[in-house]
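Below are the chains, spelled out letter by letter.
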Amino acid sequence: MHVLLTEDQELFRRTVREFAEREIAPVAAEHDENETFPSENVKKMGKLGLMGLLVPTEYGGAGAGSVEYALAMEEVSRADAAHGVIMSVQNSLVAKPIYKYGTDEQKRDYLHRLASGDMIGSFCLSEPQSGSDARRMQTTAVRDGDYYVLNGTKNWISNGGEAGLYIVFARLESEGEEARTAAFLVEYWRWGISFGAKEKKLGIRASATTQVFLKDCRVPLGHLLGGEGDGFKIAMSSLDAGRIGIAAQALGIAQAAFDAAVAYAKEREAFGQPIAEFQGIQWMLADMHVRIEQARLLTYQAALLESRGLPFAKESAMAKLSASETAMWVTTRAIQIHGGYGYSREYPVQRYFRDAKITEIYEGTSEIQRLVIARSILRGERPTAAPAEPAEVPETKTPVLELPPTPAELQRMMAPRKLHHVAVAVDSVDEALKFYRETLGLEEVTVMTMEDRGLKVVLVRAGPSEIELLEPLDPEGTVARFLDRRGPGLHHVCFEVEDVEKSMRYYEGRGATFLDPVPRPGAVGLVSFMPPSLAEGVLVELAQTSGYSVPEAPSEAAEPEEAPALVITQPILRGPGGYARPGLGSAPDVPAWGAQPSAAPPTEEEAPSATPSSSAWPILDTAIPHGPGGYTRPGLVTSAPTEGWPTATPTGPRPE
Ligand code: CAA
C-alpha cells in the first residue's frame, strides 16, 4: 500500500485497474491503429463513474477528490492514454469549472449528463496563433441583445467533434477597454459551430483532436460561464487542476512501459541468460522505477494539496513536468530494453512512447510548467486575482466503484442455482404418493389444496430437489386438460434462480422467450415459464424463491378470465403406454408419444413469431389457445376458438 493513500483509495485503484485491464487494454492497440474513438468504452467509463469522478454526488457524479481522480487517470492511462485524455478533459477541464463557476441552472443543465458520460465535454482555449501565450486569443465575443456572437478558430481541441458541450474562451470586444476574456458554454448543435477533420497525431490516436470553428455563433447570455473578464482566469485555474490529471496520465504511461520492460527482461535471453540478469539492464530498470516513484510522489502531493483546499498551482506544474519527462525517459528505455521488438508496432511499448510525448506538450508545455514554477518561487504562492472560488472545498469521498460482471461472471450469476422441482401431472396424488413413499422411501413435505387453481399439489423431497405432484380438482382446469392430451407424466421442470426478472432478460439475450413476459406469483415463488418448444417439448419454469412470499390467492372477483377450454372432438391416444383418461375412448392412428408429425412443419404465417416454431408442431385445423402445458400434442384436432398463439401473459390459473 502506498504511504500517501488510504485503504479505500487502494481498493478504488484496484477496481479501476481491473476495469481498465478488462475493458480498455484489450482494445487499445486496435483503436490506436485505426484511430477510432472508443465510444463504447466511454459509455462503460460513464457507467462506472469515471466520467464524473470530480462531480459532486448531488449532480450525479462520484463526488471523488483529486487523489482518486489521479489514481483513476493513472490506471486508465496505463491501459490506454487516449482513454485517459477523454476522461481528463471531461472531469477537470469541463465538469469541474462548471461546478466551480457555473450558475445553478448551468450545473443542473450539464453536470448530470457529463457525469453519466451521456455528454462529452471539450475545452477550447488554444488557437492557431496562441498556444502557450494563451492570453493572446483572437476569438471574439460581441454582445448583441440577449446573445453573445462568437467568431474565431480553436486549435488542437481534444474531444472535438465527439463532444456535446464546448467551453469556448474568447476576447470580449468592447471599444476603448483593455481586452477582457470570458468563457462560454456552447452546445454542438448551435448554429455557427463546426469542426475540422480529426488531426493525424503521433500518439493518443484514438482520441479525437480537431479544430473548432465559430462563425457568427450566437449563444444566449445565460451561457456565459463565470463573469465577463473571468475567462482567462477560469482557463488558468482549470489547467492548474487539469495538470494533476496529465501528470497521472504520464505516470500511467510510464508504469505500463516499465511493466512491459520488466516482463520482457525476465523472459528474453541473450548470451545464455535472461537479459534481466545483466547489470546494464538492472540499472536501467532501477532508474526507471525511481523516476516513476518520484513523479508519483509529486503527483499525489499536488492532489492532496488540492483536495485539502490548499494552494497547489506550483505543485501541479511540478508534478506534470516531472511525470511527463519521466514518461518520455522511461518509454525510451523500455523500447531500448525490447530491442528490435520495441520498434515494432506488434508490441505496445512503441505506443507508450508515442503517447508519452503529448504529456510534455498539452495543458502547458514543459517550458510553461518551468515558467509557472519559477514565477511561483520568485513572486509568491498564488496568482493575484483568481476568480471567485467557492469559499469551502466541497466534501469528497473515495467512491466504491461497482464493476459490471464479466460475461463469465454473468453466466455464473444467472445459471440456475438448482433444479427446484420436477412437476408431474397425475390423476391421483394419493396413488402416486404410494410409489414415492412406499417404494422409493421419499417423504412428502407439503400438501396444498389450491382451490383457486383447482389443484391438489404435493411436494415430495428428493435430495436437494423436489417432485411436485399435480392432481386436477377442476375437470376444466389446465392440468386436467394436460392429462386429457398427454396423460400422467412430466408436466414441467422448474429451476431456481436468484432473480427471475434478471434471469429472464439474460436468457432473452440468448434467444429464449417467455410465456409470461413479466414474472408472476406462482406456488413456489415468483415464476415465469418458457414455452416447451424451446426444450424439445418440455415446459420450463424459472422460480425465484428467496426474498419472496407467495401472496394470498386472488379473490373470485379478481380472478382473471379462464382461457376457453378445449373441446375435444376426437378421442385421443395418450402416453407411450396408450393410457386413456377415464371416460374417453382411445383414438385410432395418431403418432406415438414424442414422435414427429408426418405433416410438414407450419409456415411462419401459421405459427406466429411470438412462439418459436418447432418441427414438432402439427398442422392443426384450428389454432389452440395455450396455457402452460397447454401446447399441442401431435395429431390433436380441436374445434377450439381460433385465438392464435399467446403473445402476452396467458390468462387463467396456472398449475405450477
Ligand atoms: N489561476 C488563476 N488566475 C491566474 C492563474 C492561475 N493559475 N495564472 C494567472 N492568472 C491570472 C493572473 O493573476 C493575472 O491576473 P490579473 O491580470 O488580474 O493580474 C492574469 O491571470 C494574467 O496572468 P499572467 O500575467 O501570469 O499571464 P501570462 O499571459 O503571463 O500567462 C502563462 C501565464 C502561465 C504563460 C499562461 O498563459 C499559461 O499557462 N499558458 C499555457 C496555456 C496552456 O496550458 N494551454 C493548454 C491548452 S488546453 C489543453 O491542452 C487541453 C487539452 O487538449 C488536453
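Look up: the structure comes first, before these words.
Residues numbered from 1 in each chain as written. Predicted model: local features only at pLDDT ≥ 70, side-chain atom pairs only at ≥ 80, totals over all residues. Heavy atoms only, no water.

Caption draft 1: A look at the packing of helix α11 (residues 407-414) against helix α14 (residues 500-509). At their nearest, the axes of α11 and α14 sit 10 Å apart, and the two run at 125 degrees to each other. Comparing the axis directions of α11 and α14 gives the class oblique. The hand of the α11/α14 crossing is left-handed. Counting all contacts with α11, which are made through Leu410, Gln411 and Met414, the residues of α14 involved are Lys502, Ser503, Tyr506 and Tyr507. For the contact of α11 with α14, the class distribution of residues is four nonpolar, two polar and one charged. (Axes fitted to C-alpha atoms, helices over the stretch in contact; angles between N-to-C directions. Helix = DSSP H or I, 4+ residues; strand = E, 2+ residues; numbered from the N terminus. Parallel < 35°, antiparallel > 145°, perpendicular 65-115°, else oblique. Left-handed = near helix turned anticlockwise from the far one by under 90°. Contact = heavy atoms within 4.5 Å. Nonpolar A, V, L, I, M, F, W, Y, C, P; charged D, E, K, R; others polar.)

Caption draft 2: Region of interest: the site of the ligand. In the region of the ligand, 28 residues are neighbours, and Ser132, Arg135, Ser158, Asp240 and Arg375 sit closest. One nitrogen or oxygen atom from the side chain of Arg135 is found 2.8 Å from an oxygen atom belonging to the ligand. One of the side-chain nitrogen or oxygen atoms of Ser158 is found 2.7 Å away from an oxygen atom of the ligand. Burial of the ligand by the protein chains amounts to 81% of its free accessible area of 1,100 Å². Those elements giving two or more residues to the shell around the ligand turn out to be α4 (81-101), β3 (147-158), α6 (231-267) and α10 (366-379). It is α6 that provides the largest number of residues to the shell around the ligand, a total of seven residues. Residues that form the shell around the ligand fall into these classes: 15 nonpolar, seven polar and six charged. Residue assignment places the shell around the ligand across two domains, with domain 2 (121-229) and domain 3 (254-383) each supplying three or more. (Near = heavy atom within 4 Å. Polar contact = N/O pair within 3.5 Å; in protein donor to acceptor, adjacent residues only side chain to side chain. Areas by Shrake-Rupley, 256 points an atom, 1.4 Å probe, with all protein chains shown as cover. Domains from an automatic or database assignment.)

Caption draft 3: Local environment of the packing of aromatic side chains. A full pass over the atoms with the stated rule returns nine aromatic pairs. Aromatic pair Tyr59 and Tyr99: ring centres 6.1 Å apart, planes at 65 degrees, arrangement edge-to-face. Within this pair, whereas Tyr59 is found in the loop between α2 (39-48) and α3 (66-79), its partner Tyr99 is found in helix α4, the two being separated by 40 residues in sequence. With respect to burial, Tyr59 and Tyr99 carry one shared label: buried. Consider the rings of Phe435 and Tyr436, whose centres lie 5.2 Å apart with planes at 70 degrees: the pair is edge-to-face. When the ring centre of Tyr99 is taken as reference, the NZ or CZ atom of Lys107 above it lies at 4.9 Å. Its end group placed over the ring of Tyr147, Arg218 keeps NZ or CZ at 5.0 Å from the ring centre. (Phe/Tyr/Trp six-rings, centres within 6.5 Å; stacked < 30°, edge-to-face > 60°. Buried < 20%, exposed > 50% of the residue type's maximum accessible area, 1.4 Å probe, protein only. Lys NZ or Arg CZ within 6 Å of the ring centre and 35° of its normal.)

Caption draft 4: Region of interest: the environment of Ser238. Structurally, Ser238 is set in helix α6. Judged by relative accessible area, Ser238 falls into the buried class, the value being 4%. For the pair Ser238 and Ser92, spaced 146 residues apart in the sequence, the C-alpha separation amounts to 6.5 Å. When near neighbours in sequence (up to four residues on either side) are disregarded, Ser238 contacts Ser92, Leu93, Pro97 and Phe123.

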